[in-house]
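# Survey of secondary and tertiary structure
So the chains spell out like this:
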Amino acid sequence: MTAVYLLIGSFFFLIFIRVPIVFALGISSIVTAWYLDLPFLMVAQSIVGGINVYVLLAIPFFILAGELMSQGGISDRLVKLSQALVGRFRGGLAMVNIQASMFFGGISGSSVADTSSIGSVMIPMMKKNGYEADYSTAVTVASSVQGVLIPPSHNIILYALVAGGGVSIGQLFLAGIVPGVFLGIALMVFSYLVALKRKYPKGEPYTLRATFTALRESMLGLMTVLIVVVGVVVGIFTATEAAAIAVVYAFIVTFIIYRDIPLSRMNLILKNTLGTISIVFILIGTSSAFGYLMNYLNVTSVIGNALLNMSDSKVIILLLVNLIMLILGTFMDMAALILLITPVLLPVVTAVGMDPVHFGVVMMLNLGIGLLTPPVGGTLFVGSAISGVSIERLSITMLPFYFVMIAVLLIITFIPEIVMFVPSHFMK
């Protein structure tokens with residue numbers, strides 16, 4: 001028990017004093033291994049073994065494809081398409097923001113990338129049309145969570161890896177579609193009610209010609225999602241192969257067809273991609289070492305049994321699991337949490353009858369909400385940097401959005417058909 005307290009206590013202490021999570025995971029693992037008199041070579045082997053997995057090759061490819069698309073002008077075209085579809089309603093620019101995030105999230109798979117690309121276009125546009133800066137930013141960061149649900153999402157691949165071979169990446173991709181769209185619709189309904197109350201302006205009237213023009217210009221970008229998801233689901237190629245194909249396709253669309261940026265911008269794209277990849281993979285490595293020690297000390301089964309012994313009610317257990325993920329998501333990185341808590345919580349939810357694919361989507365939304373909450377919410381900080389709105393003010397403006405998103409979370413938790421309908425009908 002001393003080793004357990006040392007492992008978990010040192011980790012949370014380091015997080016509390018603002019040590020980066022990568023170092024917190026690594027230091028707590030090394031200190032605990034030293035206390036247990038385990039060879040440090042085992043820690044090093046756990047780190048290397050954690051990243052030496054074939055399916056993880058899909059992650060850098062998906063990140064690169066998303067970066068190519070976000071730099072290559074696709075966000076502007078998706079905004080125009082969204083404006084043609086929903087811009088005519090009162091408060092239409094907020095709906096345009098949400099729908100553009102829905103489309104772009106399916107390309108980038110990243111909440112932060114979505115906020116950076118869509119936010120840089122939509123926040124100034126909304127402010128110019130009379131929307132408050134804090135509200136415009138809140139709409140942008142809240143809608144960006146669709147990016148971690150709608151495929152392809154590299155976080156879903158991480159979950160599939162940790163959950164084991166029995167969880168299909170193709171099923172997870174399909175399972176995220178309806179909840180992602182449902183979240184977008186809920187946010188649009190809420191933004192419409194706010195627009196009625198605050199009397200935000202209407203947009204341009206709907207025209208069929210403008211819609212077809214915008215659809216034609218953005219179709220090549222949207223095809224990225226179809227290529228990846230259909231290819232994986234039908235079995236034409238694996239997730240890793242799909243990611244590589246997505247990179248080639250994104251390169252052709254960005255530099256040969258759209259040509260909004262010069263080829264020299266590829267240096268910046270690769271630099272940004274490598275920066276993101278390095279963070280993700282060092283997190284995977286140190287999380288693997290930490291997870292190895294948790295298994296060595298039998299922590300995962302103890303926590304799981306404790307949760308199951310708290311109540312016989314499936315509803316209570318699922319509420320507790322959601323609460324744990326929501327709390328942890330407020331101060332820990334999403335990738336690290338997927339790697340650390342999946343082995344702990346997945347046996348708990350499967351014991352009460354929850355499908356692993358269903359749980360994967362619930363986890364994505366839980367941790368996606370965590371990306372928007374202080375003190376560590378990365379997406380919140382990006383939105384603040386783009387708009388110039390302080391974190392404190394933005395956090396207060398976000399409060400009603402949190403309620404909407406948690407309501408959606410509870411609905412998809414307790415109505416599994418919303419998540420499982422598409423994968424159960426299109427992929428056995």
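Higher on the page you've got the structure.
This structure is a prediction, so every number in the text was calculated from the model and none was measured.

Definitions and cut-offs
- Residues numbered from 1 in each chain as written.
- Predicted model: local features only at pLDDT ≥ 70, side-chain atom pairs only at ≥ 80, totals over all residues.
- Heavy atoms only, no water.
- 1 Å grid on protein atoms, 1.4 Å probe; cavity = no way out; pocket = protein on both sides within 12 Å on 5 of 7 lines; lining within 4 Å.
- Points joined across faces, edges and corners; volume = space filled by probe spheres on them.
- Helix = DSSP H or I, 4+ residues; strand = E, 2+ residues; numbered from the N terminus.
- Nonpolar A, V, L, I, M, F, W, Y, C, P; charged D, E, K, R; others polar.
- Salt bridge = Lys/Arg side-chain N within 4 Å of Asp/Glu carboxyl O.
- Buried < 20%, exposed > 50% of the residue type's maximum accessible area, 1.4 Å probe, protein only.
- Contact = heavy atoms within 4.5 Å.
- Core = buried A, V, L, I, M, F, W, Y, C linked by side-chain atoms within 4.5 Å.

Below, the discussion takes up empty space enclosed by the protein. The full count for this structure, using the stated rule, is one cavity of 30 Å³ or more. When its volume is computed, the largest cavity comes out at roughly 30 Å³. Together, Leu318, Val321, Asn322, Met325, Val349, Met354, Phe359, Val362 and Thr413 line the largest cavity. Mapped onto the lining of the largest cavity, the elements with two or more residues apiece are helix 17 (314–329) and helix 19 (356–370). When residues of the lining of the largest cavity are assigned to their parent elements, the largest contribution, four residues, is made by helix 17. The class makeup of the residues in the lining of the largest cavity is seven nonpolar, two polar and no charged.

For the rest of this paragraph, the subject is the pattern of salt bridges. All chains considered together, the criterion is met by three salt bridges. With a shortest N-O distance of 2.6 Å, Arg77 and Asp260 are connected by a salt bridge. Here Arg77 is found in helix 5 (residues 74–86), whereas its partner Asp260 is found in the loop between helix 14 (239–258) and helix 15 (266–296), with 183 residues between them in sequence. On the basis of relative accessible area, Arg77 is assigned to the buried category, the value being 16%.

Let us look at the side chain of Asn155. Within the secondary structure, Asn155 is located in helix 10 (residues 154–163). Once residues lying within four places of it in the same chain are set aside, the contact partners of Asn155 are Val148, Met334, Ala335, Ile338 and Met364.

Our next topic: the nonpolar core. Tyr159, Phe359 and Met398 are the most contacted members of the largest nonpolar core, which has 148 residues in total. Among the elements that take part in this core, helix 18 (residues 334–351) stands out by supplying 13 residues, more than any other. Those residues in contact with Phe359, other than ones at most four positions away along the chain, are Tyr159, Val321, Met325, Leu345, Leu346, Val349 and Met354. The next biggest cluster of nonpolar side chains, apart from the first, holds five residues, and it includes Leu174, Val225, Val233 and Val422.

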